[in-house]
Amino acid sequence: MKKLVLSAILMIAMSVSFVSCRETVDKAKDATEEAGEAMGEAADAVGEAADDVMEAGENAAEEVKDAAGEAVDKAKEVGEDVKDGAKKAADKVEEKAKEVEDVIKN
């Protein structure tokens, strides 16, 4: 009788430990799956952030290109203004030179 009771207790203890181990394994699998999903979501977030950074870089490059184009246009305008100013100054010098020449001749 003693062996029967001890055997029954042993069987109950073993079945509880096996069930407990199965639950632990299941919990570990669930945790692993959740961790995998979290890593996937993190990877997606990193990918989106990288796309945003690339887009911002492209926008900045385009803005720099536009600003450089505007600077070149302004430089051309200034160059034309300087050229016109120099031509006007040369014309005035030529006029004064003719006036001085006329005064000297008379």
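The following refers to the structure shown.

Cut-off values and rules
Residues numbered from 1 in each chain as written. Predicted model: local features only at pLDDT ≥ 70, side-chain atom pairs only at ≥ 80, totals over all residues. Heavy atoms only, no water. Helix = DSSP H or I, 4+ residues; strand = E, 2+ residues; numbered from the N terminus. Buried < 20%, exposed > 50% of the residue type's maximum accessible area, 1.4 Å probe, protein only. Areas by Shrake-Rupley, 256 points an atom, 1.4 Å probe, with all protein chains shown as cover. Salt bridge = Lys/Arg side-chain N within 4 Å of Asp/Glu carboxyl O.

**Description of the overall build of the chain**
Turning to step 1, where the next piece is worked out: Across its full length, the chain holds one helix and zero strands.
Turning to step 2, where the next piece is worked out: Taken over 106 residues, the chain has a buried fraction of 0%.
Turning to step 3, where the next piece is worked out: Surface exposure of the chain reaches about 9,600 Å², of which carbon and sulfur atoms provide 63%.

**A closer look at the pattern of salt bridges**
Here the idea is simple: oppositely charged side chains can pair when their charged atoms come close.
Turning to step 1, where the next piece is worked out: Per the stated rule, a full pass over the model turns up one salt bridge.
Turning to step 2, where the next piece is worked out: The partner of Glu94 in a salt bridge is Lys98, and the shortest N-O contact between them spans 3.8 Å. One end of the pair, Glu94, and the other, Lys98, are both in helix α1 (residues 2-105), four residues apart, so they sit about a helical turn from each other.
Turning to step 3, where the next piece is worked out: Here Lys98 falls in the partly exposed class, since its relative accessible area comes to 49%.

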